[in-house]
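# Secondary and tertiary structure notes
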Amino acid sequence: MNIYVSNLCSNIQDEDLKEMFSVYGDVQSVEIPKDIFSGESRGFGFIEMEDNTAAQNAIDALHQKEVDTLSLSVKQYNN
């Protein structure tokens, strides 16, 4: 399942997001688009998890979770 996460702080790294989601299952990939000038996070990212149940558990647990004073928005991504 592909997951979209928004409202990320600008200094979060791929490994931070992977660690956060790995608690719920195996993370296949993580991508946080970076600003081409500053190199900082653009405030959103994508996570891919193979197990749909684990992915849904992560979505349920992390949606609206406060990270670095920001409330995450986490949902399934249908590309």
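Above: the structure in question.
### A short note on the environment of Asp-51
When you line up the elements, Asp-51 lands in the loop between strand S3 (44-49) and helix H2 (52-62). On the basis of relative accessibility, which here comes to 43%, the residue Asp-51 falls in the partly exposed class. From its side chain, Asp-51 meets the backbone nitrogen of Thr-53 in a polar contact 2.9 Å long.

### Things to note about helix H1 (residues 14-22)
Among all positions of H1, only Leu-17, Met-20 and Phe-21 are buried. For H1, the angular spread of buried residues about the axis comes to 90°, placing them on one side. Looking at H1, the residues exposed on the side facing more than 90 degrees away from the buried face are Glu-15 and Glu-19. Buried positions along H1 lie against strand S1 (2-6), strand S2 (27-31), S3, H2, strand S4 (66-67) and strand S6 (73-76).

### A look at a negative patch on the surface
Taken together, the side chains of Glu-15, Asp-16, Glu-19 and Asp-68 make up a negatively charged region of the molecular surface. Looking at where Glu-19 falls in the secondary structure, it is placed in helix H1. Given the relative accessible area of 61%, Glu-19 is considered exposed.

### Some words on the pairing of S1
With five bridges joining them, S1 and S3 adopt antiparallel strand pairing. Bridge assignment links Asn-2 to a residue of S3, and that residue is Glu-48. Pairing geometry for S1 and S6, over four bridges, is antiparallel. Considered in S6, the bridge of Ile-3 is made with Gln-76.

About the criteria used
- Residues numbered from 1 in each chain as written.
- Predicted model: local features only at pLDDT ≥ 70, side-chain atom pairs only at ≥ 80, totals over all residues.
- Heavy atoms only, no water.
- Helix = DSSP H or I, 4+ residues; strand = E, 2+ residues; numbered from the N terminus.
- Buried < 20%, exposed > 50% of the residue type's maximum accessible area, 1.4 Å probe, protein only.
- Polar contact = N/O pair within 3.5 Å; in protein donor to acceptor, adjacent residues only side chain to side chain.
- Arc of directions from axis to C-beta.
- Contact = heavy atoms within 4.5 Å.
- Patch = residues over 30% accessible without salt bridge, like charges linked within 9 Å, V, L, I, M, F, W, Y side chains within 5 Å.
- Areas by Shrake-Rupley, 256 points an atom, 1.4 Å probe, with all protein chains shown as cover.
- Salt bridge = Lys/Arg side-chain N within 4 Å of Asp/Glu carboxyl O.
- Lys, Arg positive; Asp, Glu negative; His and termini not counted.
- Charge placed at Lys NZ, Arg CZ, Asp CG, Glu CD.
- Pairing = 2+ DSSP bridges.

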